[in-house]
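Letter by letter, the chains look like this.
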Amino acid sequence: LAPSDEISSCDALLRSDVYRVMLAVFAALALLGNVSSLLYRVVSKVASNSGFAVFVTHLCVSDLLMGVYLATIGVADRLYLGTYLWQDTTWKVSTACQVAGFLSLLSSEVSAFLICLITLDRFLVLRFPFSQLHFHPRSAHVACAVLWCVGLSLAAVPLLPATQHWHYYSQTGICIPLP
C-alpha cells in the first residue's frame, strides 16, 4: 500500500474520472478560447491603439500556456493509466514534467502580473480621463516585455543546475510546486 495523495492513485496520475473530465474541459476551453481570442485580436486589430488591448493580447498568450500545461497533464495521465505506480518517479523527473511545471508557473505569474497592469491601466483611465498618464501601445509592450522577463526568470530558477536538488517541479505528479 503506497501513500496516496489528493490527486493521484497507484493506477493513475488523476485518480478520478471526474478529474479527467474536468481537466479535459478546462484544457479544451483554455486552448480554444485563447487561440480564438488571440486570432480575433491579431486579425481584426481590435482597439489596438490602447495599452489595454496590448495587455489583453498578452493575457491571451499567458492563459494559452496554461492550456498547454493542462493538456500535457491530460496526455501524461492517459499515457501512464494503469501503470502509474511504476512510472511515478520517471514521470516526475522527466523533461516533460519539468517543462509542464515551468509553463504552469510562467503562466500563473505572468497572468497575475498582467491583471495587476490591467487594473492599473483601468484606474488611470477612469481617474485621469483627460490626462496623458495612460498606457499607450508602446509603453504597454515595454511593460509586458518586463513582465515576461520576470516571469521567465521566476519559472526558470528551479531548472538551473545549481537548484536541481530542490526538485521543485517534481514534488507532485501534476508538476506544480506544492509544499
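Residues numbered from 1 in each chain as written. Predicted model: local features only at pLDDT ≥ 70, side-chain atom pairs only at ≥ 80, totals over all residues. Heavy atoms only, no water.

## Considering the environment of S139
Counted only if it meets this: Here a helix means four or more residues in a row that DSSP labels H or I, a strand means two or more in a row labelled E, and each is numbered from the N terminus. With a 1.4 Å probe rolled over the protein chains alone, any residue whose accessible area is under 20% of its type maximum counts as buried; one over 50% counts as exposed, and the rest are partly exposed. Identification of polar contacts relies on pairs of N or O atoms within 3.5 Å, with a donor-acceptor requirement for protein atoms, meaning one able to donate a hydrogen and the other able to accept it, and with residues adjacent in sequence counted only if both atoms are side-chain atoms.
Looking at the element boundaries, S139 is found in helix α5 (residues 137–156). You can call S139 partly exposed: its relative accessible area is 29%. Separated by 89 residues in the primary sequence, S139 and S50 have C-alpha atoms spaced 9.9 Å apart. There is a polar contact of 2.9 Å between the side chain of S139 and the backbone nitrogen of H136.

## Side note on unusual backbone geometry
Non-glycine residue H167 carries a positive phi angle of around 50°. By the element assignment, H167 lies in the segment after α5. You can call H167 partly exposed: its relative accessible area is 47%. Notably, C175 is not glycine yet its phi reads approximately 65°, a positive angle.

## Some points on the packing of helix α1 (residues 17–44) against helix α2 (residues 51–80)
For clarity, the threshold we go by: Axis lines are fitted through C-alpha atoms, for helices just across the contact stretch, and the angle between N-to-C directions can take any value from 0 to 180 degrees. Every angle not falling under 35 degrees, over 145, or within 65 to 115 is termed oblique; those three ranges are roughly parallel, roughly antiparallel and roughly perpendicular. Note on convention: near helix rotated counterclockwise from far helix by under a right angle means a left-handed crossing. Clockwise means right-handed. Gly counts as polar in this scheme, as do all residues outside two lists: the nonpolar Ala, Val, Leu, Ile, Met, Phe, Trp, Tyr, Cys and Pro, and the charged Asp, Glu, Lys and Arg.
Closest axis-to-axis distance for the α1/α2 pair is 8 Å, and the angle between their directions is 150°. Judged on the interaxial angle alone, α2 and α1 are roughly antiparallel. The hand of the α1/α2 crossing is left-handed. Among the residues making up the contact of α1 with α2, the classes are represented as 16 nonpolar, 5 polar and 5 charged.

## Let's talk about the packing of aromatic side chains
The geometry of an aromatic ring pair comes down to the distance between the two centres and the angle between the two planes. Just so we agree on the cut-off: Think of it this way: a Phe, Tyr or Trp ring, Trp meaning its six-membered ring, pairs with another when their centres are within 6.5 Å, and the plane angle makes it stacked under 30 degrees, edge-to-face over 60, tilted otherwise.
With the rule as written, the count across this model stands at 4 aromatic pairs. Seen from their ring centres, F123 and F128 are 6.5 Å apart, and the 90° between their planes marks the pair as edge-to-face. By relative accessible area, which is 47% here, F123 ends up partly exposed. F128 sits in the partly exposed class, given a relative accessible area of 32%.

## Considering the state of the cysteines
This is how it is decided: Note that a disulfide, as used here, is simply two cysteine sulfur atoms within 2.5 Å.
Going through the model one piece at a time under the given rule, you end up with 1 disulfide. Between the sulfur of C97 and that of C175 lies a disulfide, 1.9 Å long from S to S. Judged by the torsion about the S-S bond (-120°), the C97/C175 disulfide is left-handed. Here C175 lies in the segment after α5 and C97 lies in helix α4 (residues 95–127), a separation of 78 residues in the sequence. Summarising the burial analysis for this pair, C97 and C175 share the class buried. Cysteine C10 shares no disulfide, and the gap to the nearest cysteine sulfur, in C175, comes to 18 Å.

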